[in-house]
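If you want the building blocks of each chain, they are given just below.
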Amino acid sequence: MNFSAREFMADRAKKFSILSDSDFTANIEAISESTLDSLQRGGKILVFGNGGSAALATHFSGELTGRFLRERRPLPAISLTVDTSALTAIGNDYDYSRTFSRQLEAHASQEDLALGLTTSGNSPNVVLTLKKAKELGIRSAVMTGKSGGLVAEVADIVAIVPSEETDFIQEAHEAAIHYICHKIDDLFCEGPKT
């Protein structure tokens, strides 16, 4: 990388402008609507991913159980990426590809939304968890990148960032999560922004 911070930010602004005119935004609207519907029906959001996507999954569940910008009741969400005992026990006793699907099976109910995050679209544990959601009759959605990968074939709603750049895909996923948080605030908040 041989450019300044200003050039980097200008490049990102251009990429986000292009992304805003893609199918990604319509699919994020669909994920947002599904999230709101699940929460209104008393369901929870079960979110999962690996690496940076795991961090974003935890960030999103924290925004729901805590708050985003305005005061509201806590909303049910579980990041399947944080229970180290479950992750290591499942990984050891079964295999790593089942780390999230086994937890989903334990925690999911019909009103829930299973939300996967994967930049490649091919993470075996994310693919398997979305398949498990389908098997259990749980609505599923995924944010991914590149050409969509294997997850595009199994999730109910697929939001693809059409890019090969992992860092930009992650940034787009975070922006989408924050958009969904704004929609949640609009529906559930009791007071002004803080």
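Residues numbered from 1 in each chain as written. Predicted model: local features only at pLDDT ≥ 70, side-chain atom pairs only at ≥ 80, totals over all residues. Heavy atoms only, no water.

Chemist: Outline the packing of helix H2 (residues 23-40) against helix H7 (residues 166-188), listing residues and values.
Modeler: Interaxial distance between H2 and H7 falls to 10 Å at its minimum, and their mutual angle equals 40°. By the angle between their axes, H2 is oblique relative to H7. Both H2 and H7 take part in a crossing whose hand is right-handed. Of the residues in H7, those in contact with Phe24, Ile28, Glu29, Ile31, Ser32, Thr35, Leu36, Leu39 and Gln40 of H2 are Ala172, His173, Ala176, Tyr179, Ile180, Lys183, Ile184, Leu187 and Phe188. Its residues assigned to classes, the contact of H2 with H7 shows 12 nonpolar, 4 polar and 2 charged. (Axes fitted to C-alpha atoms, helices over the stretch in contact; angles between N-to-C directions. Helix = DSSP H or I, 4+ residues; strand = E, 2+ residues; numbered from the N terminus. Parallel < 35°, antiparallel > 145°, perpendicular 65-115°, else oblique. Left-handed = near helix turned anticlockwise from the far one by under 90°. Contact = heavy atoms within 4.5 Å. Nonpolar A, V, L, I, M, F, W, Y, C, P; charged D, E, K, R; others polar.)

Chemist: If you had to explain the sheet that holds strand E2 (residues 77-79) to someone new, which residues and values would you point to?
Modeler: With parallel pairing, 5 strands are arranged side by side in an open sheet as E2-E1-E3-E4-E5. Pairing within the sheet leaves two strands with one partner each, and these edge strands are E2 and strand E5 (157-161). Here the strands of the sheet are splayed against their neighbours by 15° on average, with no regard to which way each runs. Strand direction decides the pairing type here: strand E3 (residues 113-117) and strand E4 (residues 139-145), joined by 5 bridges, are parallel. Within E4, the position partnered with Ala114 by the bridge is Ser140. (Pairing = 2+ DSSP bridges.)

Chemist: An account of the pairing of E4 is requested, with residue identities and associated values reported.
Modeler: Counted residue by residue, E4 has 6 buried out of 7 residues, so it is predominantly covered. Between the parallel elements E3 and E4, the chain passes through helix H6 (residues 124-136) in a crossover that is right-handed. Where E4 lies against E5, 5 bridges are found, and the strand directions are parallel. What sits directly across from Val142, in E5, is Val158. (Buried < 20%, exposed > 50% of the residue type's maximum accessible area, 1.4 Å probe, protein only. Right-handed = clockwise from strand over helix to strand, strands pointing away.)

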